[in-house]
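As a plain string of letters, each chain reads:
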Amino acid sequence: MVALERVVDRPHFESSSRGREARDLDREFLLGQINKSARILIREQHDISHLFPAAASEKSVEKDHYHHSWVRDGAMIKHALLDPIFGKVGDPNLVREGRKAAVNGIKSSLSLFANEPWSSGFGQKIEETKDAYGRDCTRLTQDAPPIHFMIDGKNCPWPTQNQPDSWGILLTVIDQAVRQNILTLTEEEKEVVTKISNFLGRARIGTLQQFSMWEWGIVYEPPPTSTLALCSRGLELAIPIVLENQKEANRRAASTLRKAVERQYPEEYTVTNGHESKSDMATLVAAHMGALDGLSLYRFFRIAHPELGNGQYPGKRRFRGDHYYRVDEEEAIWPMGALLEANIFLGKALFLRKNDSSSKLAERFARLGLKSLQKVQDLTEKCGYIPELLQIKKEGLSPNDNHLLWNEALMLQASSRAFALV
């Protein structure tokens, strides 16, 4: 688990909050939220393809393809439905439905990725070259295996398909289901996992010309820290799953990427131009997925608080200079940031309490996590859904019309952790 102890010693972190007090997030309220989020996620799964759209059908920005399926978003939904804490505290029927939806989603995805254009994409030659500045780098020689496609699995043109972090997250979720003994992979499915692993290893993610999870511009010098971490985590967890001739390659690639993470952390740059901060919300995504375990998250918060926000809004900036939905000089605020914090802090509180039921440090982390969760709960009550982002306008915060299922997945996990603590 990420080291967080010094975070609670930062007095500026515990900013004041408005609306419902954290103590009012009682068991009945939280259980209602857990089951509500689970139902939303399960109902959005495609009946035939078993894929998930990026956003809920009733509130989806189609011009940005949120009604389509994305490997990363679908994996994050499965990650929530397979969450062991949700499995303990959620409605048993919903837990069963959720696990079934996740397993069906994984198997359907692996079946899809066994075909074209994924098969050729994973197997393509990776070229070693130099960029315009004479720096060594690697690049794909043909189209990347798509991480974005229609909800029925059909191809959809998209200019930024080469997002390796998506495959690292998928490998992590596959391991999650296998470890829970609710997914048994066939030899054909293991072969697909092997092809994904082989592709990530041969691509040399540390020097690959690629896109980050935020997509805007090719970035590789340095590569996104979150991508390095998520791919390292996925490759390591896939070692027991891949075919025998791939296991050692996974070990070497995972170790190389982890060393690169340790060199770069806590700084992260997800776009080439316009990234004005040293910190990035993508780092929190990696931490939430366990990809930064063993590293001190205090080091991240020390630079992220003044750059991304420190509790004054119900969420975080993705990075300083982000142009997406920007108003004048104000970057958009993403509720995902608060939900990621809630999961990390509440998870730490549960870990500490398990070892010491009277731990004062556990209570302080619980308080931090509940405050972050409360902010998004208050926002959800006002909007009627969890918006993808908020624009900072003169008249106040303005949500976009996009009910992101990734947010709903994080809400499910954070509420489950809070319920286990309250």
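A.B. asks: Sorry, what's going on with the overall build of the protein chain here?
C.D. replies: When helices and strands are tallied, the protein chain shows 14 helices and six strands. The C-alpha radius of gyration computed for the protein chain amounts to 20 Å, which stays within 12% of the reference 22 Å derived for 422 residues, consistent with globular compactness. Oriented by its inertia axes, the alpha-carbon framework of the protein chain measures out at about 55 × 50 × 45 Å. Residues classed as buried in the protein chain amount to 60% of the 422 residues present. Taking the intrachain contacts of the protein chain between residues at least 6 apart in sequence as the baseline, contacts between residues at least 24 apart amount to 71%. Across the protein chain, the mean location of the 55 positive side-chain charges is 4 Å away from that of the 55 negative side-chain charges.

A.B. asks: Honestly, helix α8 (residues 225-237) in this entry has me stumped. Any pointers?
C.D. replies: Because each turn of an α-helix spans 3.6 residues, side chains separated by three or four positions end up pointing in the same direction. With 13 residues, α8 should cover 18 Å at 1.5 Å per step; its first-to-last C-alpha distance of 18 Å lies within 8% of that length. Counting buried positions over the 13 residues of α8 gives 11, a clear majority of the element. For α8, the set of buried residues is T225, S226, T227, L228, A229, L230, C231, S232, G234, L235 and L237.

A.B. asks: Is there a simple way to explain the pairing of strand β6 (residues 396-399) in this structure?
C.D. replies: Of the pairings in the sheet, the one linking strand β5 (residues 390-393) to β6 comprises four bridges and is antiparallel in character. Considered in β6, the bridge of K393 is made with G396. Count of turn residues in the β5/β6 antiparallel hairpin: two residues.

A.B. asks: Help me understand the pattern of salt bridges in this model?
C.D. replies: Once the charged atoms of two side chains with opposite charge are near each other, the side chains can pair. Following the criterion strictly, the structure yields 23 salt bridges and no others. Among the salt bridges present, the one from E44 reaches R43, with a minimum N-O distance of 3.5 Å. E44 gets classed as buried once you look at its relative accessible area, which sits at 9%. The closest approach of N and O atoms between R139 and E127, which form a salt bridge, is 2.6 Å. Here R139, found in strand β3 (residues 136-140), pairs with E127, found in strand β2 (residues 126-130); they are 12 residues apart in sequence, far enough to count as distant. Residue R139 is classed as partly exposed on the basis of its relative accessible area, which comes to 34%. With a relative accessible area of 29%, E127 lands in the partly exposed category. Via salt bridges that share partners, R317, R320, R326, E329 and E331 belong to a single interconnected network.

A.B. asks: Mind showing me how you'd approach the side chain of D280 here?
C.D. replies: You can see D280 is positioned in the loop between α9 (247-264) and α10 (282-288). No salt bridge is formed by the buried D280; the nearest opposite charge belongs to R318, separated by 7.1 Å. In this structure the side chain of D280 is engaged in a polar contact, spanning 2.8 Å, whose partner is the side chain of H275. Among the polar contacts made by the side chain of D280, one reaches the main-chain amide nitrogen of A282 at a distance of 2.8 Å.

Basis of the calculations
- Residues numbered from 1 in each chain as written.
- Predicted model: local features only at pLDDT ≥ 70, side-chain atom pairs only at ≥ 80, totals over all residues.
- Heavy atoms only, no water.
- Helix = DSSP H or I, 4+ residues; strand = E, 2+ residues; numbered from the N terminus.
- Rg over C-alpha atoms; globule rule 2.2 N^0.38 Å.
- Buried < 20%, exposed > 50% of the residue type's maximum accessible area, 1.4 Å probe, protein only.
- Contact = heavy atoms within 4.5 Å.
- Lys, Arg positive; Asp, Glu negative; His and termini not counted.
- Charge placed at Lys NZ, Arg CZ, Asp CG, Glu CD.
- Expected span 1.5 Å × (residues − 1).
- Pairing = 2+ DSSP bridges.
- Salt bridge = Lys/Arg side-chain N within 4 Å of Asp/Glu carboxyl O.
- Polar contact = N/O pair within 3.5 Å; in protein donor to acceptor, adjacent residues only side chain to side chain.

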